[in-house]
Amino acid sequence: MKTPVDLRAALAPLGTRQALRRRATVLLQGDVSTHAYIVETGCLRLWHNDDGRDITVQFFLPGDLVTSMDSFQRRQPSRFGIDAILPSDVLRVARDDLLGLMYRTEALRETLVDALISRMADYQDLFLNRIMDTPEQRYRHLLARDPRLLAAVPQHYIASFLGITPVSLSRIVRKVSGR
């Protein structure tokens, strides 16, 4: 979910900048999410390990706010992990600092509610795409929605997000590109 500039500015004094190397883990599945992150450069992903099968749920690019929402809010173990899939710079904000500021600032509450609704809409789209669309249709939708993501993110993560194997993704990419 994209964060408005004013939200980044409001959170900057509360947070710390952190440089993440490629494949750095910011949250392990099973840990409690105690921080939110605003991506400044690079790309993070939210993912789930399903008995050894890596399932990418969402990608986060510059301007996006990232956390395991359920874990962050309820202080329960996360069902998701969060990793940097490219070298990334993030603003790391502690849960209590973010929530404290949110409760004191009505405009921030409204911004966060809008961001949460946007993220829920993304999850609804993902759910419907998985049950209604073919893998090729899912790829074309992703290509139309965010071609920079496809250019930046390694294909095995894209395949995981689309629910297909990297080999199947290669076939789809060749077909769609006319090669």
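Residues numbered from 1 in each chain as written. Predicted model: local features only at pLDDT ≥ 70, side-chain atom pairs only at ≥ 80, totals over all residues. Heavy atoms only, no water.

Caption draft 1: Representation of the sheet that holds strand E4 (residues 44-50). Pairing is antiparallel in the open sheet, where four strands are placed in the order E2-E7-E4-E5. The two strands at the open ends of the sheet, each matched to only one other strand, are strand E2 (25-27) and strand E5 (53-60). Strand-to-strand twist in this sheet, taken as the mean axis angle between neighbours without regard to direction, amounts to 30°. The strands touched by helix H4 (residues 106-132) within the sheet are E4 and E5, with E5 carrying the most contacts at an inclination of about 135°. (Pairing = 2+ DSSP bridges. Helix = DSSP H or I, 4+ residues; strand = E, 2+ residues; numbered from the N terminus. Axes fitted to C-alpha atoms, helices over the stretch in contact; angles between N-to-C directions. Contact = heavy atoms within 4.5 Å.)

Caption draft 2: Molecular detail of the layout of surface pockets. Reported here for the largest pocket is a volume of approximately 460 Å³. Lining of the largest pocket is provided by 24 residues; of these, Gln58, Phe59, Asp122, Arg145 and Phe161 occupy positions nearest its centre. For the lining of the largest pocket, the secondary-structure elements that each account for two or more residues are E5, H4, helix H5 (135-145), helix H6 (147-152) and helix H7 (155-162). The element that contributes the greatest number of residues to the lining of the largest pocket is H4, accounting for seven residues. When grouped by side-chain class, the residues that make up the lining of the largest pocket number 11 nonpolar, four polar and nine charged. Lining of the second largest pocket is provided by 17 residues; of these, Met69, Phe72, Gln73, Leu99 and Leu116 occupy positions nearest its centre. Of all the elements in the fold, those that place two or more residues in the lining of the second largest pocket are helix H2 (69-74), helix H3 (95-104) and H4. With five residues, the single largest contributor to the lining of the second largest pocket is H4. (1 Å grid on protein atoms, 1.4 Å probe; cavity = no way out; pocket = protein on both sides within 12 Å on 5 of 7 lines; lining within 4 Å. Points joined across faces, edges and corners; volume = space filled by probe spheres on them. Nonpolar A, V, L, I, M, F, W, Y, C, P; charged D, E, K, R; others polar.)

Caption draft 3: Representation of the environment of His35 within the structure. Relative to the helices and strands, His35 resides in strand E3 (residues 35-41). His35 gets classed as buried once you look at its relative accessible area, which sits at 17%. Placed 60 residues apart in sequence, His35 and Arg95 show a C-alpha to C-alpha distance of 5.0 Å. In this view, His35 contacts Val66, Thr67, Phe72, Arg92, Val93, Ala94 and Arg95; residues no more than four positions away in its chain are not counted. (Buried < 20%, exposed > 50% of the residue type's maximum accessible area, 1.4 Å probe, protein only.)

Caption draft 4: Layout of H5. Among all positions of H5, only Glu136, Arg138, Tyr139 and Leu142 are buried. Down the axis of H5, the sector holding all buried residues measures 160°, keeping them to one side. Of the residues in H5, the exposed ones pointing more than 90 degrees away from the buried face are Ala144 and Arg145. The elements touched by buried residues of H5 are H4, H6, H7 and helix H8 (166-177). (Arc of directions from axis to C-beta.)

Caption draft 5: The pattern of salt bridges, seen in detail. Inspection of the entire model under this criterion finds 10 salt bridges. A salt bridge links Asp96 to Arg95; its shortest N-O distance comes to 3.2 Å. Of the residues examined, Arg95 reaches a relative accessible area of 10% and is grouped as buried. When salt bridges that share partners are traced, they join Arg45, Asp54 and Asp83 into one network. (Salt bridge = Lys/Arg side-chain N within 4 Å of Asp/Glu carboxyl O.)

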